[in-house]
Amino acid sequence: MSVRLLASDLDGTLVGHDSALRRLNTALADRREAWKLAYVTGRTLSSALELLASTELLQPDVLVSGVGTEIHWGTELRPDPHWPSQFQADWHVARVRSIAATFAALIPQPESCQSEWKCSYFLDTASAPFVMQELQKVLTDSGMLVKLIYSSGRDLDIIPFAAGKGQAVRWVAEQLGVTLDQVVACGDSGNDLEMLQLAGYPVVVGHAQPELLRQAPASAYRAQAPCADGILEALVHFGHLPAGLDSSRVASSWS
């Protein structure tokens, strides 16, 4: 088996259909030693842990949270001490929030969605292109290197420029000694685009958000089935799970 790292978004990708998650868990169970498993989510760490406690998710080798701004390793969830040093010098959270507050269209998300490395807002689709262009200009003119990530037609995350799901997956792969062409990356929304663009095996699960369907790389496998069934479908398609686990019947039931 050539693939060594499975990096998946949680909500709407790996999570969202309990029986589908059980099917994927069963398929991976006998092959778990051949994979490194990374959950890569927009949720904060505390929110991600709540989700892990309430679902049948397998224990990951690494948990990437906050849209790629935080990395925790192993069952002990040890924070990666070196990851923040990649971007902390260029990040000024108070200044970002102060500037964002001058844009009436930006509605702060609940405090539970915020962190020291991520500022999150609600922004309607119609206003998004203009507001993001103007916000990026003001932040850049203020001397800050930031990344604006819009997803699901409503969520805007402002994070350090050197962070993000893609850069975090790249960092994780390097620490594990895995090349990017050995990475399967799975997602369903705009904040997953960066990691799909760098992965050797990008996967867009069924029922994905329009912004990801528009921008996903041409090499991406676009599953018929949503959630974990879409991941299972893709792994069989790529030959990383045996044909005997063919998920075409499950996939066709979702089409």
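Structure report, in brief. (Residues numbered from 1 in each chain as written. Predicted model: local features only at pLDDT ≥ 70, side-chain atom pairs only at ≥ 80, totals over all residues. Heavy atoms only, no water.)

**What to know about the sheet that holds strand β11 (residues 201-206)**
Here 8 strands make up an open sheet; going across it, the order is β5-β4-β3-β2-β1-β10-β11-β12 and the pairing mixed. Pairing within the sheet leaves two strands with one partner each, and these edge strands are β5 (78-79) and β12 (221-226). As judged from the 2 bridges shared by strand β4 (residues 70-73) and β5, these two strands associate in the antiparallel manner. By the bridge assignment for β5, H72 is matched with P79. Helix α2 (residues 45-54) rests against β2 (36-40), β3 (62-65) and β4 of the sheet, and its axis sits at about 130° to β3. (Pairing = 2+ DSSP bridges. Helix = DSSP H or I, 4+ residues; strand = E, 2+ residues; numbered from the N terminus. Contact = heavy atoms within 4.5 Å. Axes fitted to C-alpha atoms, helices over the stretch in contact; angles between N-to-C directions.)

**Quick word on the pairing of β3**
Here is the key point about a regular strand: its side chains alternate between the two faces of the sheet. Burial along β3 is two-sided: V62 and V64 and L63 and S65, pointing in opposite directions, are all buried. Where β2 lies against β3, 3 bridges are found, and the strand directions are parallel. Looking at the pairing, Y39 lines up with L63 of β3. Handedness of the crossover joining β2 and β3 through α2: right-handed. Both β3 and β4 contribute to a ladder of 4 bridges, which runs antiparallel. Bridge assignment links L63 to a residue of β4, and that residue is H72. Counting the residues that bridge the hairpin from β3 to β4 gives 4 residues, and of these G66 lies at a positive phi of roughly 60°. (Buried < 20%, exposed > 50% of the residue type's maximum accessible area, 1.4 Å probe, protein only. Right-handed = clockwise from strand over helix to strand, strands pointing away.)

**With respect to the packing of helix α3 (residues 93-100) against helix α4 (residues 128-141)**
At their nearest, the axes of α3 and α4 sit 11 Å apart, and the two run at 140° to each other. Relative to α4, α3 is oriented oblique. Remark: the crossing between α3 and α4 carries right-handed chirality. Residues V96, I99 and A100 of α3 touch α4, and the partners they reach there are L135, V138 and L139. Classifying every residue of the contact of α3 with α4 by side-chain character gives 6 nonpolar, no polar and no charged. (Parallel < 35°, antiparallel > 145°, perpendicular 65-115°, else oblique. Left-handed = near helix turned anticlockwise from the far one by under 90°. Nonpolar A, V, L, I, M, F, W, Y, C, P; charged D, E, K, R; others polar.)

**Thoughts on the pattern of salt bridges**
In this structure the tally under the stated criterion is 10 salt bridges. For K118, the salt bridge identified is with D157, shortest N-O distance 3.9 Å. Of this pair, K118 sits in the loop between β6 (107-108) and β7 (119-122) while D157 sits in strand β9 (residues 155-160), and the two are 39 residues apart along the sequence. Here K118 matches D157 in class, with each residue buried. Sharing partners across several salt bridges, the network here consists of D9, K165 and D192. (Salt bridge = Lys/Arg side-chain N within 4 Å of Asp/Glu carboxyl O.)

**Comments concerning the packing of aromatic side chains**
Under the defined criterion, the tally for this structure stands at 5 aromatic pairs. Judged by centre distance (5.5 Å) and plane angle (50°), the ring pair of W83 and W171 falls under tilted. With W83 in the loop between β5 and α3 and W171 in helix α5 (residues 165-176), the pair connects residues that are 88 residues apart, well separated along the chain. Residue class for W171 comes out buried when judged on its relative accessible area of 13%. One aromatic cluster is present, formed by W83, F87, W117 and W171 through successive ring pairs. (Phe/Tyr/Trp six-rings, centres within 6.5 Å; stacked < 30°, edge-to-face > 60°.)

**Overview of the nonpolar core**
The biggest cluster of nonpolar side chains holds 53 residues, and the ones touching the most others in it are I71, L106, L135, L139 and I158. Excluding its chain neighbours within four sequence positions, the residues that come into contact with L106 are A100, Y121, F122, L123, V131, L135 and L156. (Core = buried A, V, L, I, M, F, W, Y, C linked by side-chain atoms within 4.5 Å.)

**Some thoughts on the environment of Q114**
Tracing the sequence through the fold places Q114 in the loop between β6 and β7. Look at Q114 and you get buried, because its relative accessible area is 13%. C-alpha of Q114 to C-alpha of L5: the two residues are 109 residues apart in sequence and 28 Å apart in space. Those residues in contact with Q114, other than ones at most four positions away along the chain, are T44, R97, P108, Q109, C119 and S120. Reaching out from Q114, the side chain makes a polar contact with the backbone oxygen of Q109 at a distance of 3.0 Å. For Q114, the side chain forms a polar contact with the main-chain nitrogen of S120, separated by 2.8 Å. (Polar contact = N/O pair within 3.5 Å; in protein donor to acceptor, adjacent residues only side chain to side chain.)

**Here we look at unusual backbone geometry**
Backbone phi values are negative for most residues with the exception of glycine, while trans is the configuration of most peptide bonds. The backbone of V67 shows a phi angle near 55°, a positive value even though the residue is not glycine. Position of V67 among the secondary structure elements: in the loop between β3 and β4.

**Side note on the side chain of D155**
Relative to the helices and strands, D155 resides in strand β9. Residue D155 is classed as buried on the basis of its relative accessible area, which comes to 13%. At a separation of 3.2 Å, a polar atom in the side chain of D155 contacts the side chain of Q109. With residues up to four places along the chain from it excluded, the contact list for D155 reads Q109, Y121, F122, I149 and Y150.

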